[in-house]
2 protein chains.
Amino acid sequence: MVHPLAPLSIEEINYATSIVKKAHPDKEVLIKACSLEEPPKAFMVPYLEAEKKGRPLLPPPRRAYVPFYYKGTSEFFDCIVNLTSGQLETRTAVASGFHAHLDVDELREIEALCMKHPDVVARISTIGLPDDWEATCDPWIFGNDGSELAKTRLFQIFMYARPKSQPDANHYAHPLAFSPIFETATKKLVTIQELPTGLDDTLKATKPFVPSFVTNSYLPEDQPSLRPLKPLRVIQPEGASYTIKDGRMEWQGWSFFVSLNYREGPVLYDISFKGRSIAYRMALSDMAVPYGDPRQPYLRKEAFDLGDAGAGNTANNLELGCDCLGNITYLDLPLVDANGTAHLSKNVLCIHEEDNGIGWKHTNYRTNRACVVRNRELVLQTIITVANYEYILMFRFNQAADITYEVRATGILSTQPIDEGITQCPFGTVVHPQVLAAIHQHIFCLRFDPAIDGHQNSVVYQETELLPFDENPYRTGYKTVTTLAEKAGGYDLNWERNRTFKVINPNVLNPVNKQPVAYKIHLPVTQHLVADPTSSQSIRAEFADHHIYVTKYRDGELFAGGKHTNQSPGGAGLKSFIRPNDRIVNDDIVLWIQMGLQHVPRIEDFPVMPIEDLKCVLRPVNFFDKNPALDVPPSSQSFNKSTLETGAVSGTEMSSCCQKL
Amino acid sequence: MVHPLAPLSIEEINYATSIVKKAHPDKEVLIKACSLEEPPKAFMVPYLEAEKKGRPLLPPPRRAYVPFYYKGTSEFFDCIVNLTSGQLETRTAVASGFHAHLDVDELREIEALCMKHPDVVARISTIGLPDDWEATCDPWIFGNDGSELAKTRLFQIFMYARPKSQPDANHYAHPLAFSPIFETATKKLVTIQELPTGLDDTLKATKPFVPSFVTNSYLPEDQPSLRPLKPLRVIQPEGASYTIKDGRMEWQGWSFFVSLNYREGPVLYDISFKGRSIAYRMALSDMAVPYGDPRQPYLRKEAFDLGDAGAGNTANNLELGCDCLGNITYLDLPLVDANGTAHLSKNVLCIHEEDNGIGWKHTNYRTNRACVVRNRELVLQTIITVANYEYILMFRFNQAADITYEVRATGILSTQPIDEGITQCPFGTVVHPQVLAAIHQHIFCLRFDPAIDGHQNSVVYQETELLPFDENPYRTGYKTVTTLAEKAGGYDLNWERNRTFKVINPNVLNPVNKQPVAYKIHLPVTQHLVADPTSSQSIRAEFADHHIYVTKYRDGELFAGGKHTNQSPGGAGLKSFIRPNDRIVNDDIVLWIQMGLQHVPRIEDFPVMPIEDLKCVLRPVNFFDKNPALDVPPSSQSFNKSTLETGAVSGTEMSSCCQKL
């Protein structure tokens, strides 16, 4: 029996697309995706309750969401197929100005067309590449600058060069100063845009290409030498401590249903710890990556990697022992191609345990008895590659009931040419001779649909402030002040008052201290989107102007940037989920949490970038009646079997303070 | 040959204290510490240079810092002993109002005296403890409220109860409502202070003690059951990748001299990466832990755990396999007792490697070639126990030239009695029936004495702001703005502008982009000390009012709270290191970096607290000419030997998306 939240299987995808095709006998359809259309929450909540009681209700009909084009046109439809009845249930023409995400088939096709196109070939010939070099390209989403042109679905193709013999050479070290634009539906070349190479919009005459003194390769075989490093292995002699049965993950008191889709990648449902409900649904909702270069075409560069491409679509097929250590379980994701044929994308999610140091410790100095437990974590990791760039997306669960969402940014900076001799650029960093990496931001939006001891929740923020001096003669006393968030909308952190947001259940009080049970949100205070609020970049990134948004729950409101972000004019996302006078008190609510990274490139970020990481922690506050990790087995040598390392130490005067065997 | 920066050996300590005693034939001296007095930086810089060239200069005389009392008096002296000449070089009477840190001998003595004192015994008898229960106590530093009394060196002793048969019972769950105060020099009881138990200063009549319904133990044997957890082991078949020779640590391009002392715990000197100098000295300088309860005696509660007790003095003697995994090297620290006799405190610092996930990754989607390296870290860890509380202090070095200082707070909350029925308290949280944990802060001050490609450094802060609209027609463009910090003093972060502080060397430019070589400081934006600036708590915590301080380097200016923080009135610390018109441009400078934690207790923090962690990252910016981790060997299964975990997975509909062997 298929679980109502399980991803569509290969068979279901093929069936769903066949139904869509049958419904359009006279048209050739181009399938953009085929993914589970989730049952309404109002159905799923009782279903999951009944399932826990071992008396599952009748499953709802399985539905597929299938966005498609009429091939060769811009006619774009959202449709829902009922797999149980075999019917195409709804078919909605998508409003003009909204376009489907890109897919890999499309990318490869456009790339090939571009490199073969006579105008492009001619333009390449003008730069006089050496015989042993060739041009290559990165098709980019076009973005939106509010122009007429931006209403058409387009690809902006950034050009580079590399040695012919080295298909894996780092071509980002050799950007070219022109950029073809193709129309996606007709596959026609719209124009070849010349790129500014100075500090302003001036376009300069093409200079002959001179390969710079270094290729700046990140490949191991191209390094002068690799540093010696001794192996470090994680061994789990009795196997992993988690289980996954029928899609439900159980680990150290945690229980949740794990799923995947083409857009969000991993999605977790019905999350509980020791039988206490915490969330109905959690997933990364969106991401905006606006660039700071004020010139055409760069001012249009704003990637919504989830909406424009999809975290499931772009997920790496992970390899054992490369992306994590220890005992690892991989999950695959069925995807669909443009013709509607399903295929399995292997190993898109890896699941493993990590040791994250000490969990808690206390030594009684009177008796010298030390009690210590380690902090074991369960990690669900997906790595996506979006052209030049990589994101490592992780859910982490620990034994003290924390849920951490971690993002690591890595991969290669998107580069552009800059004139020889220019080293100072206010909106970018020279990372290689005649190569500029523009300043940009990454603002991630984590969607947290809480269920703190049930679905009637509220949001409060707690601050600390000095007590009035009449109650506080020595002026050292301070207190917490708690404010209820009453209206749907955006809220910000305030470090001066240590403002901390909590999701509470006002109907359930802690048995000991009578505080409402809660989870708090540990979120670093980071910069909002810098672009002016009236700019296209800001209007499209509807979530990026406040640290936290809270909305009333409504089915189908999943994507902070809107359902279709590719070249979107905005206005169909998070801000449209806020209706006038929506109250969010003791209600079914959703939080949208922003994790921001202002990326002023360092030369150290090139040719490939060491990870930058961001974490958001959800942590219980007066939810339990004591430390929920008291029952973690003690950390002991018999369990951990560590090794005393003495060989590494030598010398005289340290010997007085070195452990002897 | 003893290195000039090596800690004093057992023999050196015994020799130093014998010199002090000989110099005072007519007095009985009470030794408070005996520790290396560092050679002046002006000597050490050329010495270390010469050492690197393999032609070490003649070592300087070994000097010991020996603070001591005339036993039974408050006459307190700082003295310097020259071990090379065998002379007591200087002896300075410490100004009145400044007192020595506490030590364990003293603590045990006061504890025993208190529990035997007839008045205390009588007061205990009034509460009618059950026959199988007994009282116990935590001697606390007295703090300072500006009163006359505070000028005398005192102990404030907090009283608790526990079952007689359980010496490791969690007595913090049973605080008593009175607190003896002892004078340290004379060991006399000053008074027994009654404690308020409501929400104001009102003192209530003693109620008979009723042990609450749970003992709230953190001991494993007291838990109803321990959760099953399978072992996870770190195996390093070829041993660790680091070496320590004559006190110098080498690992993955890193080189530094590692030392320890009674006060700061670990101290690192002469830190470089791939031969490039980064810092002269790094150590945790101080820590302030002010409490928010506005009432006596709690308003005096402000611990400076390093200055008041010492990170070396209170360091745990770590046990193999309990506090870290893998191949571990331990360092010991010679300490001194009150009589001047040296002893070795074993395993106060553990050194090991950790795998911290992916270091960098890129997949070329055209060729599907993935390049990935892991992020190996070198960790130096010390864990201190200060009565109820634990701090885990870590230096972390990674392969991409980052230095991370990490603090993890754990241990047991300092508790106080509160009347039955009170659950809401503005300045604390009820964590157990009739037990309050007051709101408090932990503000750590990391001292960073930089040497970015040499000792002539400056501090700048970089911010991002919108470009003026005339250069920015689409209002999406933004730029970085860099400001030079010219005057010594305090500086703050500003998230709205992504203000980031950098230490630069204005005399060394990056060969590619001509930017000054730099290290930036990744610091979370956290709340300053909440107490009013005119309060004793604020005046004593001189460093806690700004995120970053910068001062001119001067020998001996090491401790942000002053040399002697115990009951200090303040005024002898960081703020006194700032002279009028001190400029900090292209000079030898020191940074004082604040890491703050506002601790509003959760009931989940009791009976023992799951770690809260804080990190500050020092990261190269245009210091190298490319990613310095390109030469890390690739992450591969042959190297990592991970295991495919399939046993954990079962069920039907997931099988379509589960990895098969």
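Thresholds, definitions, all that
Residues numbered from 1 in each chain as written. Chains lettered and ligands numbered in written order. Predicted model: local features only at pLDDT ≥ 70, side-chain atom pairs only at ≥ 80, totals over all residues. Heavy atoms only, no water. Helix = DSSP H or I, 4+ residues; strand = E, 2+ residues; numbered from the N terminus. Buried < 20%, exposed > 50% of the residue type's maximum accessible area, 1.4 Å probe, protein only. Contact = heavy atoms within 4.5 Å. Least-squares fit on C-alpha atoms with pLDDT ≥ 70 in both. Phe/Tyr/Trp six-rings, centres within 6.5 Å; stacked < 30°, edge-to-face > 60°. Pairing = 2+ DSSP bridges. Axes fitted to C-alpha atoms, helices over the stretch in contact; angles between N-to-C directions. UniProt positions renumbered as here; feature names shortened; annotations may be inferred. Domains from an automatic or database assignment. Buried area = accessible area lost by both parts, 1.4 Å probe. Salt bridge = Lys/Arg side-chain N within 4 Å of Asp/Glu carboxyl O. Polar contact = N/O pair within 3.5 Å; in protein donor to acceptor, adjacent residues only side chain to side chain. Nonpolar A, V, L, I, M, F, W, Y, C, P; charged D, E, K, R; others polar. Core = buried A, V, L, I, M, F, W, Y, C linked by side-chain atoms within 4.5 Å. Parallel < 35°, antiparallel > 145°, perpendicular 65-115°, else oblique.

Caption draft 1: Structural detail: the side chain of Q399 of chain A. Positionally, Q399 of chain A belongs in the loop between β21 (389-398) and β22 (403-411). Overall, the relative accessible area of 2% leaves Q399 of chain A in the buried class. Beyond its immediate sequence surroundings of up to four residues, Q399 of chain A is in contact with W251, Q252, F273, R374, N375, R376, P628, A629 and V632 of chain A together with R227 and L229 of chain B.

Caption draft 2: Main features of the relation of the copies chain A and chain B. Structural alignment of chain A on chain B gives an RMSD of 0.0 Å, achieved by rotating through 180° and translating 0.0 Å along the axis. Such a combination of rotation and displacement between the chain copies is what one expects of a two-fold axis. Within chain A, the C-alpha atom positioned nearest to the axis of rotation is that of V234 of chain A, 2.3 Å from it. In this assembly, 100% of the residues forming the interface of chain A have copies in chain B that are likewise at the interface, indicating an isologous arrangement.

Caption draft 3: Quick peek at the packing of aromatic side chains. For the coordinates displayed, the defined rule picks out 46 aromatic pairs over all chains. On the numbers, 5.1 Å between centres and 65° between planes, the contact of Y389 of chain B with Y391 of chain B is edge-to-face. By the burial criterion, Y389 of chain B is buried, and Y391 of chain B matches it. Between F623 of chain B and F624 of chain B the ring centres are 4.9 Å apart and the planes differ by 85°, which places this aromatic pair in the edge-to-face class. Of the two residues, F623 of chain B and F624 of chain B, both sit in the buried class. An aromatic cluster of at least three residues, connected via ring pairs, comprises W254, F256, F273, F397, Y519, F623 and F624 of chain A.

Caption draft 4: Quick look at the sheet that holds strand β7 (residues 133-141) of chain A. All names here are of chain A. Pairing is antiparallel across the open sheet formed by 4 strands, whose spatial order is β7-β8-β9-β10. Of all strands in the sheet, those with a lone pairing partner are β7 and β10 (189-194), marking the two edges. On average, each strand axis in the sheet is inclined to that of its neighbour by 30°, with strand direction left out of account. Two strands pair when backbone bridges link them, and β7 and strand β8 (residues 154-163) are joined in this way by 9 bridges, in the antiparallel orientation. Looking across to β8, one finds that C137 is bridged to M159. Contacting β7, β8 and β9 (178-183), helix α3 (residues 104-116) runs over the sheet at an angle of about 135° to β7. Strands β7, β8, β9 and β10 of the sheet are contacted by helix α4 (residues 118-125), whose axis makes an angle of about 15° with β10.

Caption draft 5: Seen up close, the UniProt feature "modified residue: 2',4',5'-topaquinone" (unreviewed entry) in chain A. Residue and element names in this part refer to chain A. Mapped onto the present numbering, the UniProt feature "modified residue: 2',4',5'-topaquinone" (unreviewed entry) falls on Y389. A relative accessible area of 6% means that Y389 is categorised as buried. If near-sequence neighbours (up to four positions away) are discounted, Y389 is found in contact with I384, A409, T410, G411, I412, H442, H599 and M609.

Caption draft 6: Summary view of the UniProt feature "domain: Copper amine oxidase N3-terminal" (unreviewed entry) in chain A. Under the present numbering, the feature "domain: Copper amine oxidase N3-terminal" (unreviewed entry) in UniProt falls on residues 103-193 of chain A. Between the C-alpha atoms that bound residues 103-193 of chain A there is a distance of 23 Å. The span itself is 23% helix and 33% strand.

Caption draft 7: Fine view of the domain arrangement of chain A. According to the domain assignment, chain A contains domain 1 (10-93), domain 2 (104-207), domain 3 (249-621) and domain 4 (631-661). The distance between the C-alpha centroids of domain 1 of chain A and domain 4 of chain A comes to 59 Å.

Caption draft 8: Local environment of the interface of chain A and chain B. The interface of chain A with chain B comprises 209 residues on the first partner and 208 residues on the second. When the two sides are added together, the surface that chain A and chain B hide from each other amounts to roughly 17900 Å², 54% of it contributed by carbon and sulfur. Per-residue buried area on chain A facing chain B is highest for R227, Y478 and W495 of chain A; these three make up 6% of the total on that side. At the junction of chain A with chain B, the criterion picks out 14 salt bridges. Scanning the region where chain A abuts chain B turns up 124 residue pairs in polar contact (both at pLDDT 80 or more). The element contributing the most residues to the side of chain A that touches chain B is strand β19 (residues 342-364) of chain A, with 15 residues. Counted by class, the side of chain A that touches chain B contains 89 nonpolar, 75 polar and 45 charged residues. As paired strands, strand β18 (residues 327-336) of chain A and strand β36 (residues 643-644) of chain B are joined by 2 bridges and run parallel to one another. Residue pairing in the sheet places I328 of chain A in a bridge with L644 of chain B of β36 of chain B.

Caption draft 9: Expanded view of the nonpolar core. Formed by 283 residues in total, the largest nonpolar core has its most connected members in F397 of chain A together with F397 of chain B. Non-local contacts of F397 of chain B, meaning those with residues more than four positions away in its chain, are made with W251, W254, F256, L268, I271, R376, E377, L378, L380, D402 and I403 of chain B.

Caption draft 10: Representation of the sheet that holds strand β25 (residues 428-432) of chain A. Residues and elements named next belong to chain A. An order of β23-β26-β25-β24 is seen for the 4 strands of this open sheet, with the pairing classed as antiparallel. Single-partner strands in this sheet number two, and they are β23 (415-417) and β24 (424-425). As paired elements, β25 and strand β26 (residues 435-438) share 4 bridges and run antiparallel to each other. Bridge pairing links T429 to A437 in β26.

Caption draft 11: Inspection of the pattern of salt bridges at higher detail. Summed over all chains, the structure comprises 98 salt bridges over all chains. Close ionic contact of D545 of chain A with K575 of chain A constitutes a salt bridge, the shortest N to O distance being 2.9 Å. Within this pair, whereas D545 of chain A is found in the loop between α6 (536-540) and β33 (548-552), its partner K575 of chain A is found in the loop between β33 and β34 (589-599), the two being separated by 30 residues in sequence. A salt bridge links D270 of chain B to K52 of chain B, with the shortest nitrogen-to-oxygen separation between them at 2.9 Å. Of this pair, D270 of chain B sits in strand β15 (residues 265-273) while K52 of chain B is found in helix α2 (residues 41-52), placing the two residues 218 residues apart along the sequence. Put simply, E354, E377, R396, E406 and R408 of chain A are held in one network by salt bridges that share partners.

Caption draft 12: A look at the packing of helix α3 (residues 104-116) of chain B against helix α4 (residues 118-125) of chain B. Residue and element names in this part refer to chain B. For the pair α3 and α4, the least separation of the axes is 5 Å and the interaxial angle reads 60°. Judged by the angle between their axes, α3 and α4 are oblique. On α4, the residues touching C114, M115 and K116 of α3 are P118, V120, V121 and I124. Here the contact of α3 with α4 is built from residues that sort into 6 nonpolar, no polar and 1 charged.

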